[in-house]
Amino acid sequence: MKTSKLLLLIAYLGFISLGLPDAAHGVNWPFVRQSLFVPIGWLGFVIAAGSVGYLLSSFCVGQLLERWGIAWLLILSSLLVSVGLFGFAISQQFYIFCLFATLIGLGSGGIDAGLNAYAAENFSAKHMNWLHAAFGVGATLGPVMVTWVLVHSDQQWRWGYALIGSLIFIMALVFVLSRNIWRKNPSHEPVETTPAEEKGSQWRLLKHPTVRLQMLFFFFYTGLEFGVGQWAFTVMTETRGISLAAAGTWVALFWAALAFGRILFGVLVERFDVDRLLGLCLLGIVAGTVSFSLEQSPMFSFIGLVLIGFCAAPIFPCMISQTANRVGKTHAPHAIGMQMSSAVLGAMTLPFASGIIAEHFGMNYLSLSFVIYAIIIACVFHRIRHSVAKGQVASLPL
């Protein structure tokens, strides 16, 4: 389907805006927790609150699209995110802060799932890969903006959230003005299936070893990526004597490496074996987490962060794209939904677990938890390839 260049531009801007708030917590948290008088490990509660909201809205996105359409879903979801960020800026109690985190999660889930569902129907595979790179651009700009605000406002963290909230509100206005353009590019009609058939398919697939392994893979991978993005700034500034400006810059470069890698690997996956590239990238992630856990020199932290970001770049989109090859085209839609759910649960659980480890054993053990997660991911990927090689592809009748 031919898609207007203006619509593509707006979709890219939407993914950039989606990435802006995600990395802001990692930079702001040391100052937020001091203002709200909570332990450092309580960042996990904020992440969990946002993940619950995201999980709820992403699960319901099909019904929301049917009721509102893509344009109004994007408009209302962007407004929710903007309100939540302004709520962060005025919060005086931690539980209020967490409630606004849930609101941001609801909006982010609607934008992410809505745009992905629309793009899968209307955009080419190239643009699908690059849309995820655009998210990395937003995640790169987020910590840059927040760090700039902290440095130039005497560490007034509230202004950083207000700035990003204003940008998301402007994005909501862009969606309002472009709502008629989205209508001119309608998604294809959904395939009709009975609720009983759909439910049966999901429960049968859940018993399949390859599907379970891929769910486990997404759980640990997303937990690692999100955990590194959220905790790296705190680790570097509070235990390694790295300045605010330097730590914020390198966290931004972590997200920049993720975005640049997705652009580069989007070209490479067409020329090389995908699983071989994924295997090499997973080894790179293990090496990056080991480097980040070393404390002898700040350079080990910096190199580790960039290596993790670059090697993580193709993991999520390539594993999604390989799902049909691993479990069969018939089962792929259900399997992808389960993988996305596992990814959200991983992002909600593992950074929280790392925070608890830091609270009880010290920040040094937090970075070691990243090494453990990376090793588990590599081992699970090996098991997935072994399972597929043995012919355990979804021959399961639905």
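Before any of the text, the structure's been laid out above.
Residues numbered from 1 in each chain as written. Predicted model: local features only at pLDDT ≥ 70, side-chain atom pairs only at ≥ 80, totals over all residues. Heavy atoms only, no water.

**Student:** Before we go on, may I ask you to explain unusual backbone geometry in this structure?
**Tutor:** Leaving glycine out, the prevailing phi sign among residues is negative, and the prevailing peptide bond configuration is trans. The backbone of F37 sits at a positive phi, close to 60°, despite the residue not being glycine. Tracing the backbone shows F37 in the loop between α2 (24-36) and α3 (43-59). Note on F37: relative accessible area 75%, which makes it exposed. (Helix = DSSP H or I, 4+ residues; strand = E, 2+ residues; numbered from the N terminus. Buried < 20%, exposed > 50% of the residue type's maximum accessible area, 1.4 Å probe, protein only.)

**Student:** How should the environment of T147 be read in this particular structure?
**Tutor:** Counting through the fold element by element, T147 comes out in helix α6 (residues 125-152). Residues T147 and A246, spaced 99 residues apart in sequence, show a C-alpha to C-alpha distance of 9.5 Å. Residues contacting T147, with those up to four places away along its chain left out, are V27, L244, A245 and G248. (Contact = heavy atoms within 4.5 Å.)

**Student:** Got a minute to help me understand the environment of G279 in this structure?
**Tutor:** Topologically, G279 is positioned in helix α12 (residues 274-293). Owing to a relative accessible area of 22%, G279 belongs among the partly exposed residues under this scheme. Considering only alpha carbons, one finds G279 and A378, 99 residues apart in sequence, at a separation of 7.5 Å.

**Student:** Looking at this model, I keep getting lost on the pattern of salt bridges. Mind explaining?
**Tutor:** Two side chains with opposite charge may pair up if their charged atoms get near one another. This structure, assessed with the given rule, holds two salt bridges. Note that E238 and R33 form a salt bridge whose closest N and O atoms lie 3.4 Å from each other. You can see E238 sitting in helix α10 (residues 209-239) and its partner R33 sitting in helix α2, a full 205 residues away along the chain. Its salt-bridge partner being D275, residue R385 comes within 3.9 Å of it at the nearest N-O pair. (Salt bridge = Lys/Arg side-chain N within 4 Å of Asp/Glu carboxyl O.)

**Student:** For this particular structure, what's the right way to read a nonpolar patch on the surface?
**Tutor:** Side chains of W68, W72, L76, L79, F86, F169 and L173 sit close together on the surface and give an oily, nonpolar patch of about 590 Å² of accessible area. The element best represented in the nonpolar patch is helix α4 (residues 61-90), accounting for five residues. Among the structural elements, L76 can be located in helix α4. (Patch = residues over 30% accessible without salt bridge, like charges linked within 9 Å, V, L, I, M, F, W, Y side chains within 5 Å. Areas by Shrake-Rupley, 256 points an atom, 1.4 Å probe, with all protein chains shown as cover.)

**Student:** Hey, could you run me through the nonpolar core in this one?
**Tutor:** As a rule of thumb, soluble globular proteins bury nonpolar side chains together. In this structure, Y161, W182, F217, M236 and I315 are the most contacted members of the largest nonpolar core, which totals 105 residues. Per element, the largest residue contribution to this core is 14 residues, and it comes from α10. Once residues within four sequence positions are removed from consideration, F217 is found in contact with L282, I315, M319, I377, V380, F381 and I384. Core analysis: the next-biggest nonpolar cluster, separate from the first, contains five residues, V211, M215, V327 and A335 among them. (Core = buried A, V, L, I, M, F, W, Y, C linked by side-chain atoms within 4.5 Å.)

**Student:** What should I look at first to understand the environment of V228 in this one?
**Tutor:** The topology assignment puts V228 in helix α10. With 80 residues separating them along the chain, V228 and I308 place their C-alpha atoms 8.7 Å apart. Once you skip the residues sitting within four places of it in the chain, V228 turns out to touch F254, L305, I308 and F370.

**Student:** What am I meant to see in helix α7 (residues 157-177) here?
**Tutor:** In an α-helix, one full turn covers 3.6 residues, which means residues spaced three or four apart are oriented alike. Relative to the 30 Å expected for 21 residues at 1.5 Å per residue, α7 spans 31 Å between its end C-alpha atoms, a close match to the ideal helical length. Taken together, the buried positions of α7 are W157, G160, Y161, A162, I164, G165, I168, M171, A172 and F175. (Expected span 1.5 Å × (residues − 1).)

**Student:** Is there a simple way to explain the state of the cysteines in this structure?
**Tutor:** Disulfide: a covalent bond formed between the sulfur atoms of two cysteine residues. According to the stated counting rule, one finds zero disulfides in the structure shown. Its sulfur unpaired, C281 is 5.2 Å from the next cysteine sulfur, which belongs to C311. Judged by its relative accessible area of 8%, C311 falls in the buried class. (Disulfide = S-S within 2.5 Å.)

**Student:** Looking at this structure, I do not really get the side chain of S82. What am I missing?
**Tutor:** Its place among the elements puts S82 in helix α4. Of the residues examined, S82 reaches a relative accessible area of 2% and is grouped as buried. Setting aside anything within four residues of it in sequence, one finds S82 in contact with G165, I168 and F169.

Function cannot be inferred from these measures alone, as they are strictly geometric.
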